[in-house]
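Each chain is listed here by its residues.
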Amino acid sequence: MITDLTDRYVGATLRSIPENQRADIEAELRASIDDAIEARLSEGTEAKTAEQEVLEALGDPDRLAAGYSGRPGYLIGPEHFFAYKRLLAVLMITVVPIVTAIIAVLQVIAGDDIGSVFAETLGMAIALVVHIAFWTTLVFAVIERSGEKVPTSRWTLDSLPALPRQESATLGDTIGSLVFLVFAIAAIVFSRNVSPVTGDTGTPVSFFDPELWSFWFPYFVVVLTAEIVFEITKYRVGSWTWALASVNLALNALFAIPAIYLLTSEQIFNPVFFERIGWGSEPAGDGTLVMVAVVIIGLIAIWDVIDGFRKAKK
Amino acid sequence: MTYDEAHLEAHLKELRRGSVLLACLLILRSPGYGYGLLEKLETAGVDVDANTLYPMLRRLEKQGLLTSEWDTDGPRPRKYYATSEQGMDLARELMSSWLDVTRTLEELNREEP
């Protein structure tokens, strides 16, 4: 040989081939390359050109090595791709919002200011997305290379989404509910540090009783987050089912019963807030505000539960 | 290469893909080595790249469709492959299937649209 190109080519090919196959593949590959060069020389091609042409025709040595070792030239093949995509989507729309919401709540409880809560929660959400994407992809890439037939969530007829029907879970309803729920969570979370009313020292006076932060507000944030997951699940299922209607009943009870209890036992509002705006120390005065709130919460919950079962029956 | 030519190329490649294995099994009824087989396939009009063919030969050997033997007597040592009994059985199966497809396509072609 005039140049070391063939040696370098063979070396690059063998690099990723299992040790015990190397000698045999090397001998065969060298013989094949020499044969091809010889054929070109006998056609009158110059030696250096012949070698270059032969190696160029063989192409990327990594691709050749993948052929020899039977490794796939892709990260996730068609057999696993759709299972991969579905799992990734499910993780993204469940884990990310739930964990993010929990972290936000914990930070608010810890008394961080809104700016840093927002920044840290956003950073956490981004980190979560990156981690979930990375680890899911890694696991599937390993499965792809294990050579085993791993049954990854096989598609069955049961996984078909229901046809969108009239009066069932529509995208508009879902988005409306989600916006409301996120707004409710935000109202709870921000009420601690944001208020139009300030105390003597200039610190904001919360509309809600600060005592609630010891248990009830974290509880409500968890329930509302569960409702977000419920709304998304309902939309993905495509229509109301008995199971969904039952879960809806449970969620409504989990929200409305403690809310009504707290309202009637006068634990919701912050007396200081009402004093500050000049309503006197008895927040709801004659209790009208409490009654109105109880009736609204109760009616919405009952209507929502009945509506769920009514649509499930159709 | 124009768009149409590239498409034609892809279609032809797709159509002929299955024939490479059968052609190899048939040619290797008399033993042959890598580059020699590549030339024969080329002469026969079977279009296959060297970097596809060489790994494929080893795979077929692993599956028991080919047997191999090193010949160290010639100017350079060469690995000779030959179609095994099992390989011949497969070749017969594939051949009759290929002819079936040809017949079906001819019939479809004859039918008036």
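Given the structure is predicted, the values throughout are model-derived calculations rather than measurements.

A.B. asks: Go over the overall build of chain B, please, and point to the residues and values.
C.D. replies: Secondary structure assignment for chain B yields four helices and three strands. In chain B, the succession of α and β elements from N to C terminus is α-β-α-α-β-β-α. Residues counted as buried form 21% of the 113 residues belonging to chain B. Considering only residue pairs separated by 6 or more positions, chain B has 43% of its internal contacts joining residues 24 or more positions apart.

A.B. asks: Go over the overall build of chain A with me, naming the residues and quoting the values.
C.D. replies: From N to C terminus, chain A includes eleven helices and zero strands. For chain A, the succession of helices and strands along the chain, N to C, is α-α-α-α-α-α-α-α-α-α-α. Here chain A holds 314 residues, and 20% of them are scored as buried. For chain A, restricting intrachain contacts to residue pairs at least 6 apart in sequence, the fraction spanning at least 24 positions comes to 73%.

A.B. asks: Quick rundown of the nonpolar core? Include the residues and the values.
C.D. replies: Counting residues in each nonpolar core, the largest one holds 26 residues, and the members touching the most others are A:Val54, B:Leu28 and B:Leu66. Dropping the residues within four chain positions of it, A:Val54 is found in contact with A:Ile33, A:Ala36, A:Ile37 and A:Arg40. Among the nonpolar cores identified, the runner-up in size contains 25 residues, and A:Ala101, A:Phe208, A:Leu251 and A:Ala256 belong to it.

A.B. asks: I'd like a description of the sheet that holds strand β2 (residues 66-71) of chain B, backed by residues and values.
C.D. replies: Residue and element names in this part refer to chain B. Overall, antiparallel pairing links the three strands, which are arranged β1-β3-β2 in an open sheet. With partners counted over all chains shown, the strands left at the sheet margins are β1 (32-33) and β2, one partner each. As paired strands, β1 and strand β3 (residues 78-83) are joined by two bridges and run antiparallel to one another. Across the sheet, Tyr 33 pairs through a bridge with Tyr 80, a residue of β3.

A.B. asks: Give me the lowdown on helix α3 (residues 47-58) of chain A, citing residues and values where you can.
C.D. replies: Helix length check: α3(A) (twelve residues) gives 17 Å between terminal C-alpha atoms against 16 Å at 1.5 Å per residue, within 8%. Residues of α3(A) that are buried: A:Ala50, A:Glu51, A:Val54 and A:Leu58. Around the axis of α3(A), the buried residues are gathered within 95° of arc, so they sit on the same side. Facing away from the buried side of α3(A) by more than 90 degrees, the exposed set consists of A:Lys48, A:Thr49 and A:Glu56. Against α1 (5-14), α2 (19-42) and α4 (61-69) of chain A together with α3 (50-62) of chain B lie the buried residues of α3(A). Just beyond α3(A), the residue with positive phi is A:Gly59, at close to 80°.

A.B. asks: Kindly report on the confidence of the model for chain A, identifying the contributing residues and their values.
C.D. replies: Looking at chain A, pLDDT values average 82 and 91% of them are 70 or higher. Taken element by element, chain A is modelled with least confidence in helix α10 (residues 271-276) of chain A, mean pLDDT 76, and with most confidence in α1(A), mean pLDDT 91.

A.B. asks: Could you give an account of the pairing of β3(B), with specific residues and numbers?
C.D. replies: All names here are of chain B. Across six bridges, the pairing between β2 and β3 is antiparallel. Note that in β3 the partner of Trp 70 across the bridge is Lys 79. Taken together, β2 and the strand that follows it, β3, pair antiparallel across an intervening segment of six residues.

A.B. asks: Tell me about helix α9 (residues 242-264) of chain A, and please be specific about residues and values.
C.D. replies: Since the α-helix packs 3.6 residues into each turn, any two residues three or four apart lie on the same face. Residue and element names in this part refer to chain A. The end-to-end C-alpha distance of α9 is 32 Å, a good match for the 33 Å that 23 residues give at a rise of 1.5 Å each. Three or more residues of α9 are buried, namely Asn 248, Leu 251, Asn 252, Phe 255, Ala 256 and Leu 263. In the core, the buried residues of α9 are packed alongside α8 (216-237) and α11 (288-313). The first or second residue beyond α9 is Glu 266, which carries a positive phi of 55°.

A.B. asks: So what about the interface of chain B and chain A? Which residues, and what values?
C.D. replies: On the chain A side, the residues contacting the twelve residues of chain B number 15 residues. Counting only elements with at least two residues in the side of chain B that touches chain A, the list comes to α2 (34-43), α3 and β3 of chain B. Partitioned by chemical class, the residues of the side of chain B that touches chain A number five nonpolar, three polar and four charged.

A.B. asks: Tell me what's going on with the environment of A:Val108, and back it up with residues and numbers.
C.D. replies: Residues and elements named next belong to chain A. Assignment of secondary structure puts Val 108 in helix α5 (residues 78-109). Separated by 110 residues in the primary sequence, Val 108 and Pro 218 have C-alpha atoms spaced 9.6 Å apart. With residues up to four places along the chain from it excluded, the contact list for Val 108 reads Val 117, Val 189 and Arg 192.

A.B. asks: Run through the packing of α2(A) against α3(A), naming residues and quoting values.
C.D. replies: Residue and element names in this part refer to chain A. For the pair α2 and α3, the least separation of the axes is 9 Å and the interaxial angle reads 130°. The pairing of α2 with α3 is recorded here as oblique in orientation. Note that α2 runs across α3; the crossing there is right-handed. Contacts from Ile 33, Ala 36, Ile 37, Arg 40 and Leu 41 of α2 reach α3 at Ala 47, Ala 50, Glu 51, Glu 53 and Val 54. Per-class residue counts for the contact of α2 with α3 are seven nonpolar, no polar and three charged.

Rules behind the numbers
- Residues numbered from 1 in each chain as written.
- Chains lettered and ligands numbered in written order.
- Predicted model: local features only at pLDDT ≥ 70, side-chain atom pairs only at ≥ 80, totals over all residues.
- Helix = DSSP H or I, 4+ residues; strand = E, 2+ residues; numbered from the N terminus.
- Buried ≥ 20, exposed ≤ 12 C-beta atoms within 10 Å, placed from the backbone.
- Contact = placed C-beta atoms within 7 Å.
- Core = buried A, V, L, I, M, F, W, Y, C linked by C-beta atoms within 7 Å.
- Pairing = 2+ DSSP bridges.
- Expected span 1.5 Å × (residues − 1).
- Arc of directions from axis to C-beta.
- pLDDT = per-residue confidence, 0-100.
- Nonpolar A, V, L, I, M, F, W, Y, C, P; charged D, E, K, R; others polar.
- Axes fitted to C-alpha atoms, helices over the stretch in contact; angles between N-to-C directions.
- Parallel < 35°, antiparallel > 145°, perpendicular 65-115°, else oblique.
- Left-handed = near helix turned anticlockwise from the far one by under 90°.

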